[in-house]
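Listed here are the chains, written in short residue letters.
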Amino acid sequence: MRAPRLLVFDSGVGGFSVVAAIRVRMPDAHVSYVADTAAFPYGELDAEALVGRALGVVMAAADRVRPDAIVIACNTASTLVLPPLRARFDIPIVGTVPAIKPAAAITTSGLISVLATPGTVKRDYTHALIDTFASHVEVTLVGAEHLAEQAERRMAGLAVDETVIADDARAAFVTHDGRRTDVVALACTHYPFLKSVLARLAPWPVTWIDPSEAIARRVSDVVGEPDADEEGGGPGDQPCLMTAQPDAQDVMSRALATLASHNGLAAPEHLAIDLGCQSA
Ligand code: DGL
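This structure is a prediction, so every number in the text was calculated from the model and none was measured.

S.K.: Run through the overall build of the protein, naming residues and quoting values.
M.R.: Scanning the protein for helices and strands turns up 11 helices and 12 strands. Taken against the 2.2 N^0.38 rule, which gives 19 Å for 280 residues, the C-alpha radius of gyration of the protein at 18 Å falls within 12% of a compact globule. Principal-axis analysis of the C-alpha atoms places the extent of the protein at approximately 55 × 40 × 40 Å. Going through the 280 residues of the protein one by one, you find that 54% of them count as buried. Across the protein, the fraction of contacts at a sequence separation of at least 24, relative to all contacts at a separation of at least 6, is 77%. If you average the places of the 22 positive and of the 34 negative side-chain charges in the protein, the two averages end up 3 Å apart.

S.K.: How would you explain the packing of aromatic side chains if you had to name every residue and give the values?
M.R.: Across all of its chains, the model carries 4 aromatic pairs by this definition. Between Phe-16 and Tyr-33, the aromatic rings sit 4.0 Å apart at their centres with planes inclined by 20°, giving stacked as the arrangement. Linking Phe-16 in helix 1 (residues 15–25) with Tyr-33 in strand 2 (residues 30–35), this pair joins segments that are 17 residues apart in sequence. Of the two residues, Phe-16 and Tyr-33, both sit in the buried class. Their ring planes at 85° and their centres at 5.4 Å tell us that Phe-173 and Trp-204 sit as a pair that is edge-to-face. Of this pair, Phe-173 sits in the loop between helix 8 (162–169) and strand 7 (175–176) while Trp-204 sits in the loop between helix 9 (195–201) and strand 10 (207–209), and the two are 31 residues apart along the sequence. One exposure class covers both Phe-173 and Trp-204, and it is buried. Here a set of aromatic residues connected by ring pairs shows up, and it is made of Phe-173, Trp-204 and Trp-208.

S.K.: Lay out the site of the ligand with the relevant residues and their values.
M.R.: As a matter of local geometry, the ligand sits amid 14 residues, with Ser-11, Tyr-42, Asn-75, Thr-76 and His-190 nearest to it. In this structure, an oxygen atom belonging to the ligand sits 2.9 Å away from a main-chain N or O atom of Gly-43. Thr-76 has a polar side-chain atom sitting 2.5 Å from an oxygen atom of the ligand. For the ligand, whose free accessible area comes to 300 Å², the fraction covered by protein is 99%. In the shell around the ligand, the residues fall into 6 nonpolar, 7 polar and 1 charged.

S.K.: Talk me through the state of the cysteines; I want residue IDs and the actual numbers.
M.R.: Using the criterion set out here, one finds 0 disulfides in the structure. Not engaged in a disulfide, the cysteine Cys-240 finds its nearest cysteine sulfur in Cys-74; these two sulfurs lie 15 Å apart. Take Cys-240: its relative accessible area is 0%, and that puts it in the buried class.

S.K.: Go over the nonpolar core with me, naming the residues and quoting the values.
M.R.: By size, the foremost hydrophobic cluster in this structure holds 54 residues, and its most contacted members are Leu-6, Phe-16, Ile-22, Tyr-33, Leu-115 and Trp-208. In this structure, Val-34, Ile-70, Val-81 and Leu-241 belong to the second largest nonpolar core, which totals 26 residues.

Criteria and thresholds
- Residues numbered from 1 in each chain as written.
- Predicted model: local features only at pLDDT ≥ 70, side-chain atom pairs only at ≥ 80, totals over all residues.
- Heavy atoms only, no water.
- Helix = DSSP H or I, 4+ residues; strand = E, 2+ residues; numbered from the N terminus.
- Rg over C-alpha atoms; globule rule 2.2 N^0.38 Å.
- Buried < 20%, exposed > 50% of the residue type's maximum accessible area, 1.4 Å probe, protein only.
- Contact = heavy atoms within 4.5 Å.
- Lys, Arg positive; Asp, Glu negative; His and termini not counted.
- Charge placed at Lys NZ, Arg CZ, Asp CG, Glu CD.
- Phe/Tyr/Trp six-rings, centres within 6.5 Å; stacked < 30°, edge-to-face > 60°.
- Near = heavy atom within 4 Å.
- Polar contact = N/O pair within 3.5 Å; in protein donor to acceptor, adjacent residues only side chain to side chain.
- Areas by Shrake-Rupley, 256 points an atom, 1.4 Å probe, with all protein chains shown as cover.
- Nonpolar A, V, L, I, M, F, W, Y, C, P; charged D, E, K, R; others polar.
- Disulfide = S-S within 2.5 Å.
- Core = buried A, V, L, I, M, F, W, Y, C linked by side-chain atoms within 4.5 Å.

The values are spatial; any link to function lies outside them.
Below, the structure written as structure tokens:
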């Protein structure tokens, strides 16, 4: 069997938290990346706009890289686009959904929080996960408006605003009847890049759930292990695509360039998309 070709999608750099975990688990996989940087942040898009963009971008990128599996490394998109994508592709589509089930399984105080984008906390998908897996605990949903942007800055090597980060995360820390939140699920793929800052600014220690490894395990399960004899591809085989024009002065371009280089992908290049194609 040849090494699997994976396409990882996010609105920005967040999906690289999943790419890093895939690299550890499947070091020989050919990983391509596509970021819908022209529409970032997805957390603020309405459902219809988000679905239209995500389908158009994933279809254009898949046309280019011909993947064996697609990873939607974006919680905000996964709450909406997995069914329409699965209807269009006959390859595995792996999504990223808030880690509510594991958080509810490990809490001892009975208070868990889900730190996500404003879009993810609104979606029926997220509320259905709570009803199914966490009805026995108290769940606080926190739609953070600025954390994804702060993660982009951090990965671009720029200073982050710790006041903004602390303000956005504060609502995740709840006290009730002498108990307090003890587990926070990082339900946006950008947030693991801020984990050490979040932990330092937290009013008390909690367990942070970063689902990247679990997603990588799932990817490995659905595509199988790569053949040890297979030659790995060079950077040219592993493009990093973005929907805005790359610009060395721009935060997202810089962050993507850094992470692409760290993960063995080529320098970011522009992907032209036809947003009419998804309705075909
Ligand atoms: N990384 C994305 C997620 O997992 C969202 C960031 C954004 O708002 O675009 O939800």
